[in-house]
Amino acid sequence: MIFSSAIFVFGFLPLFLTAYYCVPKSARSVIILIGSYAFYGWWRIDYLVVVFGMSAISYLAAFVAYSAHTQAVKKWAVRLGVCFDLAVLGYFKYTMFLMSGLADLSVAMGGADITVPAIILPIGISFHTFQSISYIIDVARKDALPARNFIDFLAFGSLFPQLIAGPVLRYKDLADQFANRTHTAEKFLQGVARFAQGLAMKLLIADNVAPLADRVFDLAHPTAAESYLGAGAYSIQLLFDFAGYSAMAIGLGLMIGFRFVENFNAPYTSQSITEFWRRWHISLSLWLRDYLYLPLGGNRRGSVRTYMNLALTMVLGGLWHGANWTFILWGAWHGGWLAIERALGAKSKTSVWPALVAWPLTMGIVMVGWVMFRAATVTDAFIIYAGMVGSNGWALSSNFAWQIQPVEIAMLACGGLFSLCGRHLGTLARQTPEVLRVTSSFALMGLACVALLSQSHSPFLYFQF
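Residues numbered from 1 in each chain as written. Predicted model: local features only at pLDDT ≥ 70, side-chain atom pairs only at ≥ 80, totals over all residues. Heavy atoms only, no water.

Before going further, it helps to examine the pattern of salt bridges. Applying the stated criterion to the full structure yields ten salt bridges. A salt bridge links Asp214 to Arg374; the shortest N-O distance between them is 3.0 Å. Linking Asp214 in helix 8 (residues 185–217) with Arg374 in helix 14 (residues 355–374), this pair joins segments that are 160 residues apart in sequence. By relative accessible area, Asp214 is classed as partly exposed at 32%. Several salt bridges share partner residues, and in doing so they unite Arg170, Arg289 and Asp290 into one network. (Salt bridge = Lys/Arg side-chain N within 4 Å of Asp/Glu carboxyl O. Helix = DSSP H or I, 4+ residues; strand = E, 2+ residues; numbered from the N terminus. Buried < 20%, exposed > 50% of the residue type's maximum accessible area, 1.4 Å probe, protein only.)

Here it is, written out as structure tokens:
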């Protein structure tokens, strides 16, 4: 079940909200837990054991660390809890990658082939892992109190609005809301508006641009025009798919009284890669900073170590996205540029690049990175790169041009316009009268639902992570 499906919009969500608002406030965490497990179990009920097990071990590890009377006990509780979470993630996400590498090495050295096990990756496992780890560490550091009860923490660990594709939440930011959150008609309507916005971003823009990107990345010899068109299409698809999901998650949270962190802030208006990572997938950027970059030493051990820490953090961030060399190289690409910008003074400047080239240079770096991120293999990425430099000609080929649909170009243009004017549109929306905002939200929801009922299944891109 996904948010952009009829069964969710017209079935699961109304039933869940009815049950949620019909029970006393003291029972609402139980309803969230039941609803979230039902939502996740709709995909594979057996993998609920994984979600529950990680939550239970993380809860226990944090409790022991918080209650420990000695530093040794605290350290071992944290280590065992974090290692358990990472071991689960590692088994499901990286076993096939490592075994494939060993198999290739064995064959190359003249040895026997190694059978690679087929392991189904639990959707949302990466997000669940990061949230579990942050809870253990925050409680152990006493930056946060332990969850007031096990049910609240289980509900947090399986919170269906964001479980599958983020934002990456921290329990300490929601603890007070689990204990005491407000439910008002105004907040609920805000939630409906954000959900409608996200649904439209996904169904009207991302899904209409996706076929264009897919066709380009399937070409054996793309021209320069085709390569840049495909890279641009995927850049828009990914933004509106993922930011759309985040908007829907935030909207669903508001419907049940929660305020989640914002995850995107007009990233394609950035003037540097440093600024880009303050605007793109904000919850992940902050998590990597607080639980990886700073523990590695941050910028406290000299310039060279700072650059190494930035690069390593991004490489590991790339690996978090998936067990593929494409993600590792994508992370290294961004890590390298972050290190370069830090060397040029990015810590104290809005942009280190001259004003005339700051935005096009930043977007060029981002789009080159997205090619590697999107490609199935490194070889496939370099096919697109070869096209970008004109190896196969410059203009659109006749065999490709006839396949382009007007709606694809229209939605690509709309996506580009919205991504560049996002901050101004947000300001304009806040200045719009409440009645007009509500009316436009329901109109947007209507358009999205028409698109929803007229198209086939289309999962969110970030489900694979």
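Let's pick the thread back up.
Here the focus is the environment of Met54. Tracing the sequence through the fold places Met54 in helix 3 (residues 48–67). Classification of Met54 as buried rests on a relative accessible area of 0%. Separated by 103 residues in sequence, Met54 and Gly157 have C-alpha atoms that sit 8.6 Å apart.

Moving on, we come to the packing of aromatic side chains. Counted according to the given criterion, the structure contains 51 aromatic pairs. Taken together, a centroid distance of 6.1 Å and an interplanar angle of 15° make the contact between Tyr268 and Trp280 stacked. You can see Tyr268 sitting in the loop between helix 9 (224–255) and helix 10 (273–279) and its partner Trp280 sitting in the loop between helix 10 and helix 11 (282–293), a full twelve residues away along the chain. Pair check on accessibility: Tyr268 and Trp280 agree, each one buried. Put simply, the rings of Phe3, Phe8, Phe12, Phe16, Tyr20, Tyr21, Phe39, Phe160, Phe188, Phe195 and Tyr245 pair up and form one aromatic cluster. Between Arg28 and the ring centre of Tyr20, over which it is positioned, the NZ or CZ distance is 5.1 Å. (Phe/Tyr/Trp six-rings, centres within 6.5 Å; stacked < 30°, edge-to-face > 60°. Lys NZ or Arg CZ within 6 Å of the ring centre and 35° of its normal.)

Looking now at the packing of helix 5 (residues 125–141) against helix 11. The interhelical angle for the contact between helix 5 and helix 11, taken along N-to-C directions, is 45°, at an axis separation of 12 Å. In this view, helix 5 runs oblique relative to helix 11, as classed from their interaxial angle. Note on packing geometry: the crossing formed by helix 5 with helix 11 is left-handed. For the pair formed by helix 5 and helix 11, the contact residues are Phe130, Ile133, Ser134, Ile137, Asp138 and Arg141 on the first element and Leu284, Trp287, Leu288, Asp290 and Tyr291 on the second. Of the residues assigned to the contact of helix 5 with helix 11, the class counts are seven nonpolar, one polar and three charged. (Axes fitted to C-alpha atoms, helices over the stretch in contact; angles between N-to-C directions. Parallel < 35°, antiparallel > 145°, perpendicular 65-115°, else oblique. Left-handed = near helix turned anticlockwise from the far one by under 90°. Contact = heavy atoms within 4.5 Å. Nonpolar A, V, L, I, M, F, W, Y, C, P; charged D, E, K, R; others polar.)

What follows concerns empty space enclosed by the protein. In this approach the atoms are scanned with a rolling probe the size of a water molecule, which exposes any empty space left behind. Under the definition given, this model contains two cavities of 30 Å³ or more. What lines the largest cavity is simply Tyr40, Val50, Val51, Pro122, Ile123, Gly124, Ile125, His128 and Leu163. Listed by contribution, the elements that provide at least two residues to the lining of the largest cavity are helix 3 and helix 5. Looking at side-chain class alone, the lining of the largest cavity contains seven nonpolar, two polar and no charged residues. In this structure, the second largest cavity spans a volume of roughly 30 Å³. For the second largest cavity, the full set of lining residues is Ser134, Tyr135, Asp138, Val139, Ala144, Arg170, Tyr171 and Lys172. (1 Å grid on protein atoms, 1.4 Å probe; cavity = no way out; pocket = protein on both sides within 12 Å on 5 of 7 lines; lining within 4 Å. Points joined across faces, edges and corners; volume = space filled by probe spheres on them.)

On the surface, Leu60, Phe63, Val64 and Val73 cluster together into a nonpolar patch covering about 340 Å² of accessible area. In terms of residues, the nonpolar patch owes the most to one element, helix 3, which gives three residues. Tracing the sequence through the fold places Phe63 in helix 3. (Patch = residues over 30% accessible without salt bridge, like charges linked within 9 Å, V, L, I, M, F, W, Y side chains within 5 Å. Areas by Shrake-Rupley, 256 points an atom, 1.4 Å probe, with all protein chains shown as cover.)

By themselves, these observations are geometric and do not establish any function.
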